[in-house]
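# Architecture at a glance
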Amino acid sequence: QIEGVLHVIDESLGILGTAPDTRLTLSYAEQDETLQFIINCPKPINPDLFGADSDDIAVTILRNFSRDINIEGNVISIKVEN
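I will try to describe carefully the structure that is included in this document.

Parameters at a glance
Residues numbered from 1 in each chain as written. Predicted model: local features only at pLDDT ≥ 70, side-chain atom pairs only at ≥ 80, totals over all residues. Heavy atoms only, no water. Pairing = 2+ DSSP bridges. Helix = DSSP H or I, 4+ residues; strand = E, 2+ residues; numbered from the N terminus. Core = buried A, V, L, I, M, F, W, Y, C linked by side-chain atoms within 4.5 Å. Buried < 20%, exposed > 50% of the residue type's maximum accessible area, 1.4 Å probe, protein only.

Let's shift gears to the pairing of strand E4 (residues 75-80). The pairing of strand E2 (residues 34-40) with E4 spans six bridges and is classified as antiparallel. When the bridges of E4 are listed, Leu35 appears paired with Val80. Bridge count for strand E3 (residues 66-72) against E4 is six bridges, and the pairing is antiparallel. Bridged to Asn70 within E4 is Ser77. Remark: two residues form the turn of the hairpin made by E3 and E4, two consecutive strands paired antiparallel; Gly73 in that turn has positive phi of roughly 65°.

With that settled, consider the nonpolar core. Judged by nonpolar contacts, the single largest core of 16 residues is most densely connected at Val8, Ile15, Ile39, Phe50, Leu62, Ile76 and Ile78. Contributions of two or more residues to this core are made by helix H1 (2-16), E2, helix H2 (57-64) and E4. In terms of residues, this core owes the most to one element, H1, which gives four residues.

And the structure:
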């Protein structure tokens, strides 16, 4: 799972970029053994960047290592594939 987490972090930050106020959180749930990576950006996230029709290689790689990508305003949460 470590490799998956590294890919998710690398690709998501590559797509979004970074700003001084960006907060990153990695959490683990024992119940279902799920790793979740959350990025809280200072500005709203454009959901089209991560859309199913995106041909960006970074989005393709991110989808390959993720089970779920959820965007709400300026927060994106990504469940990492086991």
